[in-house]
Amino acid sequence: MQKAIFIDRDWTITNEECYPDFFAENVELMEDNIWKILKKLKKSWYLIIVITNQAWIDKWYYTEKDFWEFMEETEKQLDFKFDKIYFCPYHPEYSWKYPCRKPDNWMILQAQKDFNIDLEKSFMIWDSLKDIKAGKKSQAKTILYNSKNLDKLEINPDYIVKSWQEIKKIILDTN
């Protein structure tokens, strides 16, 4: 079985300055050194998989084509290719409730099936409570990154960090 690192895109890889204009020309990374860390983690035999809700597609702020162009530019700036990108384009106020949307863990379970992933040896890097809930449902180690809402947590992540350097240390020390 393989190990994976699941990462949310918005406010974890890409900066909130992009919000809500998620178009390729607006890509801005959260930290300059993310690409080095992703490559180091990849060399440690982890799959690197993006798991992201993209309700703005359902709200007609941008299209699925815009989403993929944004991801392509993100990978270009990172000089890194993700093993897989899973996204849920739906919002419960605009479409009926889809199981792909976090805090449900459908995208994680789909990745587990697609790649034969051992979730208990995997990590999830998120920025919000709904993401942590999806990670906990999947029984992976959860890392809350750069969250501004620590006082509102109703479920505790395994780790709380402020930098990608801390993320790298946690994962490699646990490996």
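Whatever comes next refers back to the structure up there.
The shown structure was predicted, so the numbers you read here are calculated from the model rather than taken from an experiment.

A. Spotlight on the nonpolar core. Formed by 32 residues in total, the largest nonpolar core has its most connected members in Ile5, Leu38, Ile48, Phe82, Ile125, Trp164 and Ile171. The set of elements that each furnish at least two residues to this core consists of strand E1 (3-7), helix H1 (34-43), strand E2 (46-53), helix H3 (64-78), strand E3 (84-88), strand E4 (123-126), strand E5 (141-145) and helix H6 (164-174). Once residues lying within four places of it in the same chain are set aside, the contact partners of leucine 38 are Ile7, Ile48, Leu78, Phe80, Phe82 and Trp164. Listed in part, the 20 residues of the second largest apolar core include Ile49, Ile108, Leu119 and Ala140.

B. Region of interest: the sheet that holds E5. Strand order in the open sheet made by the six strands is E3-E2-E1-E4-E5-E6, with parallel pairing throughout. Both outer strands of the open sheet, E3 and strand E6 (159-161), are each paired with one neighbouring strand and no more. Each adjacent strand pair in this sheet contributes to an overall mean axis angle of 20°, direction not counted. As paired strands, E1 and E2 are joined by five bridges and run parallel to one another. Its bridge partner lying in E2, phenylalanine 6 is registered against isoleucine 49. Across the face of the sheet, helix H5 (residues 129-137) comes into contact with E2, E4 and E5 while running at roughly 170° to E5.

The rules behind these values
- By convention here, each chain's residues receive numbers from 1 onward along its written sequence.
- Residue-level local features of this predicted model are given only where pLDDT is at least 70; pairs of side-chain atoms are given and counted only at 80 or more, and the full residue set underlies all totals for whole chains, interfaces and linings.
- In computing side-chain values, all of the structure's heavy atoms are included and hydrogens and water are not.
- We call a set of buried Ala, Val, Leu, Ile, Met, Phe, Trp, Tyr and Cys residues a nonpolar core when their side-chain atoms join them within 4.5 Å.
- Here the term buried applies to any residue with accessible area under 20% of the maximum for its type, exposed to any over 50%, and partly exposed to those in between, with areas from a 1.4 Å probe on protein chains only.
- We count a stretch as a helix when DSSP gives it H or I for four or more residues in a row; a strand needs E for two or more, and each element gets its number in order from the N terminus.
- The contact rule is simple, with two residues in contact once any of their heavy atoms fall within 4.5 Å.
- Paired strands, as defined in this entry, are two strands with at least two bridges between them according to DSSP.
- As a rule, the C-alpha atoms of each element are fitted with a line to give its axis, helices using only the stretch in contact, and angles between N-to-C directions run from 0 to 180 degrees.

The values are spatial; any link to function lies outside them.
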